Structures are given as structure tokens and as C-alpha cells.
Amino acid sequence: MTSLEAVWRIESARIVGALTRYTGGDLELAEDVAQEAVAEALVSWPRDGEPANPVGWLLKTARRRAIDSFRRRAARDEKYALLASEDTDGGDGHLWDPDRIDDDVLALMFVACHPVLSPEARVALTLRTVGGLSTEEIARAFLVPVATIQARVTRAKKTIAAARVPFEVPPQADRKERLGGVLSVLYVIFTEGSTATAGDSLLRTDLAYEAVRLARTLAALLPGEPEVFGLIALCELTAARFPARTAPDGSAILLEDQDRRRWDRSAIRRGLAALAQATAAGRGLGPYGLQAAIAAGHATAASVAETDWERIVLLYEALGRVAPSPVVELNRAVAVAMASGPAPALLLVDELVAQDRLPGSHLLPSVRGELLSRLGRTAEARAELELAARLCGNARERDVLVRKAAALS
Amino acid sequence: MAKYMLIMRNSDESLAKMMDASFDDMLETVGRFNEELIKAGVLVAAEGLDDAAQGVVVDHTGGTPVVTDGPYGETKELFGGFYILDVASKEEAVEWAKRIPAFPGSRTEIRRVPGIDEFPQDNEWIKKERVWREQTGQL
């Protein structure tokens, strides 16, 4: 990493945020002139030495490019004529406003995660404009061609412009819903980064860390929002298991088989602290907070046997109420099996089967097979596990299911 | 990601300037910088040390340790405080170090803090250290 890259990593959100406000909410122009300033720095910093104030230098250069652009566009668009005539102070005083910079960064996050964009576009635009990642870095992390990410980002910026999305922190009435949108983008980035099965695992963990970094920024800028802390807690507590989740041969190790001594205790401590913040708000936990509380239940238990499964069941029930999903129901059934035995759990699973809530998923027959096997209904268990193996897309998991089914013969 | 320690060292010049500065101003300046680190999501830990004149030095030069009161050596060798940051690279740590609101004459050293995972995991002492870190929630 060069010092320019380091400056960019630290400052890109604020630079692009300030420039977007400066250009009257034109994210595309702001990003373009910011990139032009970086390109200019790549040439001039090594030649003339790094400026004493690198951020000021980048802003001044970008602003000059922006003014050129205002003038070119002034003839056909009054808005730019006005912007060009307004900027007469000769400095960048009103461009870098310390009292507004936090709101600029927040506005940038909300715009990048705007509901007019497709989920993939939100992720790419957030990593690019808020996280300051290059197109190449994003493409590498998502295992797609650079051109795909490039097109996605360009299209996203055009969509924002066409929909006339205002550059602002959403008003209070929309805040909750829009914040939910931002959190889900950060969580998608985290989940993508925590998938150990694809790509270069080191790179993927960096992507997961990126989501945590952005969530921490969000928490510092919007301190009164318990779900932001809920998300941080969920990410930290999940990331705490990273060191223990893969075997030396790269295969995944299930929660019950992980060497808990390898869990990252400082991540657990940070996760529990964030969860305490979310709880302290006293408004009840949201979906991220509840998932974090479940993760905390595992993180603080010495073993599977010593886990407070009754509490995990209650947390899954609460999660099912605020964020209903068949996967949550299935997880609740697994927790019920741990807390009260396989019979009541099987009732829950059979209900999911009867309602066809998880069609085509290998998870449902695989859990059902386990429960039947524990109840001694061997023939049915074997049939379920074989069905699960046929539906499973992952070769390694399929092998495990096939072996389990064979062991029941 | 990696952890880096930013070690701050004063000189007679920077200490003199610090004494002249208003304490409230200093708290505000340092507080603002710390807030930047928090907003960037990189701050892990930070501490400042008490006056070196109140310290004690144990010298291991001879066979028996010799205890003396007060600072050791020259001011510029004295460690005044530190930050631990969780950042993407050494360059990012350097970039943050440049921004420390330091008094002229002071210097900051940047050192990587290796994680326990970098040591041989089958060594019994590393195993014991891991247990201690687990129990106390250390980094």
C-alpha cells in the first residue's frame, strides 16, 4: 500500500461525501473528480513529494476539476451555471466543513444503499464510495470480472442520478426503514466475506472486516441506534469463530466440533460490549440484536452441552416474530431438540414440511433425518438423509450426509 | 488486518511546549483525534503515561538489578504513551501517526503487534498464554 492509498482508504468517504454536497448532490461527478485527483496525485506526489496536507491537496485538485466541469455544463444546465458562479471564495473553506462532514459521510452511506438500486449495486457502490475500495479489489473479493463491478458501479450512479435521489440523511419518518437498508448491505458484505468455502480466505476475511469497519463508522455517526450495535455485535461474535471454523485441509468445522479455545476472545468481548449497548437502549432487540444474542449464547458457553438452549429457543422465537423466515423456524427446531429432545423438535420440522416452507432445500431433510435417527426411526432417517444428500449442492457437505445415511444401514 | 502500536516519544522541546499549552485545549485536540480514530473504526486501545520523573528504573547492566528513581537516559528516549490501531497496512498506521496532534519535537514510532496465532501453537507456554488471554479477554 502506498501512502496515497492509505490516505484514500482513510479519507475517501469524507472526500467523496464533501464533493457530492459541493456538486449539489451529483455523486457521479463527485466520484469522477475525486478519481481524477487521485490520478493526478499518482503522477505528481512521487515527482514533487507528498504535500504537507494530502487531503487538502486532493480536495483542492478535485474542486478545480469540478469547477471545470460546472463551466462546461453551465450552458446547458442552469444548476451548474449557479454552482460555477457560487464558488468564488478561491479556497476550499466551504468544501471541507468540519460541522457537516459527518452528515456528508452518513448521506453518502444512505445514498449508496438506496432502495432504487439492486442489492448487488448497493454492495458495490458502498464498498467503492464509502469503503474506498478499488474496482479491482471489489472484483477480487466477489470473484467476478473487474468489468462487471465497473459496470455495476457506473449503472448504480446513473440510477441514483436518474431517480433524483437527494443527497441527505433521510428525514426521521423514513430513517428506520432506510437504516435497515444500510444495515442489510453491510451484513451482506460481512456474510460474503465470512463464507469460507469460496475464494482466497484471507481476502474474504478482509471483506468481512470491511463490513465491521463501516458498521463502526455508522455507530459513531448515529449513536442512538440500537440495531447498528446489534449488527456490530453479530459481526464481531461471528468473526470470533473464524480462527476455529476451518480444518487444516480447508474443510468447514461445524459449531459443535470447533475447538472453542481458538475463538478470538477480544472479538467476543467487543461483540458482548456492542450487544450490551443495543440492549441498553431498552427498546427490545431487532433482528440483528437477536441474532447477536444467539451468537453470544454460543460464544460464552464452554461447550455445546453447557449451552443455555432454553434461552436460545426463546431468542429464536423472538427472532421468528420480528423477522419471520423458515430458516429461523428450522434453527428454532434444532435448538428445541437440544433443549427438550427430538420429539417436540420433529413436530416443528414436520410443520415446515407440511407447509412446504423450504422447497428444494437440503437443510430440512437433513435436520429431519437427524431427529428421526435420534428417535430410533432408522429407515425413515436414512431416507431423509439420502434425500438431503441429493439436494445438497456442496460436495463436501454431501459426502458427510451420504456417510451418515450409510452408517444407519 | 493487523495491529500496530504507535509509540509516542517526547523531547525537551515538546515537553516545554506541552507545559505551556492549556490543558483544556489539549484535551479537546486529543479528544478530536481519538474521535476520528473511533469514527474510522480503527481504535483498539490508547494510554498515556504519567510524568517520567515519577517513574523508577531497574537497571540490569550488572549482575544484580540496580533500582534508581526518575527517568532513564535522555528525554527523547522516553516513552510517553501509545495507541494500538487495527488497520489494513503499515502505511495506514503511518498515515494515522502523521495525524497525531503532537507537539513539535516529539516523535512517533510505528511497530506491528504480532498476534498469538503467529507463535507455535503446540508450545506449552503459548497454550498457557492463550488460556490466560481467554480468561482475561486480552488482545
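For clarity, every value in this text was computed on a predicted model and none was experimentally measured.

Student: Is there a simple way to think about the overall build of chain B in this case?
Tutor: If you tally the helices and strands in chain B, you get 4 helices and 6 strands. Each helix (α) and strand (β) of chain B, taken in turn from the N terminus, gives the series β-α-α-β-β-β-β-α-β-α.

Student: I'm lost on the overall build of chain A in this one. Help?
Tutor: For chain A, the count of helices and strands is 19 helices and 0 strands. With respect to the principal axes defined by its C-alpha atoms, chain A has extents near 80 × 45 × 40 Å. Residue burial in chain A is summarised as follows: out of 409 residues, 43% are buried. For chain A, contacts bridging at least 24 residues in sequence account for 59% of all contacts bridging at least 6.

Student: Please clarify how the interface of chain B and chain A should be interpreted in this entry.
Tutor: Note on interface size: it is often stated as the accessible area lost on association of the parts. Contacts between the two partners involve 18 residues from chain B and, on the opposite side, 21 residues from chain A. Broken down by secondary-structure element, the contributors of at least two residues to the side of chain B that touches chain A are α2 (23–39), α3 (90–98) and α4 (124–136) of chain B. The element best represented in the side of chain B that touches chain A is α3 of chain B, accounting for 4 residues. For the side of chain B that touches chain A, a count of residues per class yields 6 nonpolar, 4 polar and 8 charged.

Student: When you look at the sheet that holds strand β1 (residues 2–9) of chain B in this model, what are you seeing that I'm missing?
Tutor: Each strand in a sheet pairs with another by means of backbone hydrogen bonds, the pair being arranged parallel or else antiparallel. Residue and element names in this part refer to chain B. One open sheet holds the 4 strands; their spatial order is β2-β5-β1-β6, and the pairing between them is antiparallel. Since the sheet does not close on itself, it has two edges, and those belong to β2 (43–48) and β6 (107–113), each with one partner. Taking each pair of neighbouring strands and ignoring which way they run, the sheet shows an average axis angle of 15°. Bridge count for β1 against strand β5 (residues 79–87) is 8 bridges, and the pairing is antiparallel. Each residue of the ladder has a partner; that of Ala2, found in β5, is Val87.

Student: Even after reading the chapter, I still don't get unusual backbone geometry, so can you show me in this structure?
Tutor: Trans peptide bonds make up most of the peptide bonds, and negative phi angles are found at most residues other than glycine. Residue and element names in this part refer to chain A. Despite not being glycine, Arg164 has its phi angle at roughly 50°, a positive value. For Arg164, the position within the fold is in the loop between α8 (146–162) and α9 (172–194). Phi at Asp356 takes a positive value of approximately 50°, unusual for a residue other than glycine. Of the residues examined, Asp356 has 10 C-beta atoms within 10 Å and is grouped as exposed.

Student: When you look at the nonpolar core in this model, what are you seeing that I'm missing?
Tutor: Counting 117 residues, the largest nonpolar core has Leu19, Met109, Leu186, Ala215 and Ile232 of chain A as its most contacted members. Here this core spans two domains, since at least three of its residues come from each of domain 1 (3–86) and domain 2 (98–222) of chain A. Setting aside residues no more than four positions away along its own chain, Met109 of chain A makes contact with Val130, Val182 and Leu218 of chain A. The next biggest cluster of nonpolar side chains, apart from the first, holds 14 residues, and it includes Trp8 of chain A together with Tyr4, Val42 and Leu43 of chain B.

Student: How do you make sense of the domain arrangement of chain A when you look at a structure like this?
Tutor: Residue and element names in this part refer to chain A. Each assigned domain of chain A is listed here: domain 1 (3–86) and domain 2 (98–222). Centre-to-centre, using C-alpha coordinates, domain 1 lies 21 Å away from domain 2. The interface is formed by 14 residues belonging to domain 1 together with 15 residues belonging to domain 2. Looking at the side of domain 1 that touches domain 2, the elements that each hand over two or more residues are α1 (3–22) and α2 (27–48). Looking at the side of domain 1 that touches domain 2 element by element, the count peaks at 10 residues for α1. Tallied by class, residues from the side of domain 1 that touches domain 2 come to 5 nonpolar, 4 polar and 5 charged.

Student: Quick question: what am I supposed to make of the packing of helix α14 (residues 309–322) of chain A against helix α15 (residues 326–340) of chain A here?
Tutor: Axis angle and axis distance: for two packed helices, these are the angle between their axes and the distance between the axes, and together they describe the pair. Residues and elements named next belong to chain A. Where α14 contacts α15, the two axes come as close as 8 Å, and the packing angle between them is 160°. Of the possible angle classes, the one that applies to α14 and α15 is roughly antiparallel. With respect to the hand of their crossing, α14 and α15 are arranged in left-handed fashion. Contact residues: α14 offers Trp309, Glu310, Ile312, Val313, Tyr316, Glu317, Leu319 and Gly320, while α15 offers Val328, Glu329, Asn331, Arg332, Ala335, Val336, Met338 and Ala339.

Student: Help me understand the packing of helix α11 (residues 226–239) of chain A against helix α13 (residues 287–299) of chain A, please; the structure alone is not making it clear to me.
Tutor: All names here are of chain A. Running from amino to carboxyl end, α11 crosses α13 at an angle of 35°, the nearest separation of the two axes being 8 Å. Handedness of the crossing formed by α11 with α13: left-handed. For the pair formed by α11 and α13, the contact residues are Pro226, Glu227, Gly230, Leu231, Ala233, Leu234, Leu237 and Thr238 on the first element and Tyr288, Gly289, Gln291, Ala292, Ala295, Ala296 and Ala299 on the second. The class makeup of the residues in the contact of α11 with α13 is 10 nonpolar, 4 polar and 1 charged.

Student: Honestly, the confidence of the model for chain B in this entry has me stumped. Any pointers?
Tutor: Detailed reading of the predicted coordinates is not advisable wherever pLDDT falls low. Of the residues in chain B, 93% reach a pLDDT of 70 or more, and the chain-wide mean stands at 87. Complex prediction metrics read pTM 0.84 and ipTM 0.73.

Student: When you look at the pairing of strand β3 (residues 56–59) of chain B in this model, what are you seeing that I'm missing?
Tutor: Along any regular strand the residues' side chains alternate between the sheet's two faces. Residues and elements named next belong to chain B. In the sheet, β3 pairs with strand β4 (residues 66–69) via 4 bridges, with the strands oriented antiparallel. By the bridge assignment, Val56 is partnered in β4 with Asp69. Hairpin connection of β3 to β4: 6 residues between the antiparallel strands.

Student: For this particular structure, what's the right way to read the pairing of β1 of chain B?
Tutor: Note: β1 of chain B against β6 of chain B, 7 bridges, orientation antiparallel. Bridge pairing in β6 of chain B places Met8 of chain B opposite Thr108 of chain B.

Student: Sorry if this is basic, but what is going on with helix α16 (residues 342–354) of chain A here?
Tutor: Each full turn of the α-helix corresponds to 3.6 residues, which orients residues three or four apart in the same direction. All names here are of chain A. Counted at 1.5 Å a residue, the expected span for α16 with its 13 residues is 18 Å, and the 18 Å between its end C-alpha atoms agrees. Ala345, Leu346, Val349 and Leu352 are the residues of α16 that are buried. Seen from one end, α16 has its buried residues packed into an arc of 115°, which puts them on one side. Exposed side chains of α16 directed beyond 90 degrees from the buried face belong to Ala343, Leu347, Glu351 and Ala354. Where α16 ends, the next residue or the one after it, Asp356, has phi of about 50°, a positive value.

Calculation criteria
- What you see as residue numbers is a count from 1 along each chain, following the sequence as written.
- All chains are assigned letters beginning with A, and all ligands numbers beginning with 1, in the order in which they are written.
- Owing to the predicted nature of the model, reporting of local features is limited to residues with pLDDT of at least 70; listing and counting of side-chain atom pairs is limited to 80 or more, with chain, interface and lining totals taken over all residues.
- Note on conventions: DSSP H or I runs of at least 4 residues are helices, E runs of at least 2 residues are strands, and numbering of each starts at the N terminus.
- Counting other C-beta atoms within 10 Å of a residue's C-beta gives its exposure: the residue is buried at 20 or more, exposed at 12 or fewer, and partly exposed in between, where C-beta atoms are placed from the backbone.
- The contact criterion used here is simple: two residues whose C-beta atoms, placed from the backbone, lie within 7 Å are in contact.
- Residues are grouped as follows: Ala, Val, Leu, Ile, Met, Phe, Trp, Tyr, Cys and Pro are nonpolar; Asp, Glu, Lys and Arg are charged; all remaining types, including Gly, are polar.
- In short, DSSP must find at least two bridges between two strands for them to pair.
- Only the contacting stretch of a helix is used when fitting its axis, a line to C-alpha atoms as for every element, and angles between N-to-C directions run 0 to 180 degrees.
- Note on terminology: a nonpolar core is any set of buried Ala, Val, Leu, Ile, Met, Phe, Trp, Tyr and Cys residues joined through C-beta atoms within 7 Å.
- The split into domains, and so the bounds of each, comes from an automatic or database assignment of domains.
- Roughly parallel covers angles under 35 degrees, roughly antiparallel covers those over 145, roughly perpendicular covers 65 to 115, and oblique covers all other angles.
- Left-handed is the label given to a crossing in which the near helix is rotated counterclockwise from the far helix by less than a right angle, and right-handed is the label when the rotation is clockwise.
- By definition, pLDDT measures how confident the predictor is in each residue, and it falls between 0 and 100.
- To estimate how far a helix should extend, the number of its residues minus one is multiplied by 1.5 Å.
- What the arc describes is the spread of directions from the helix axis to the C-beta atoms.

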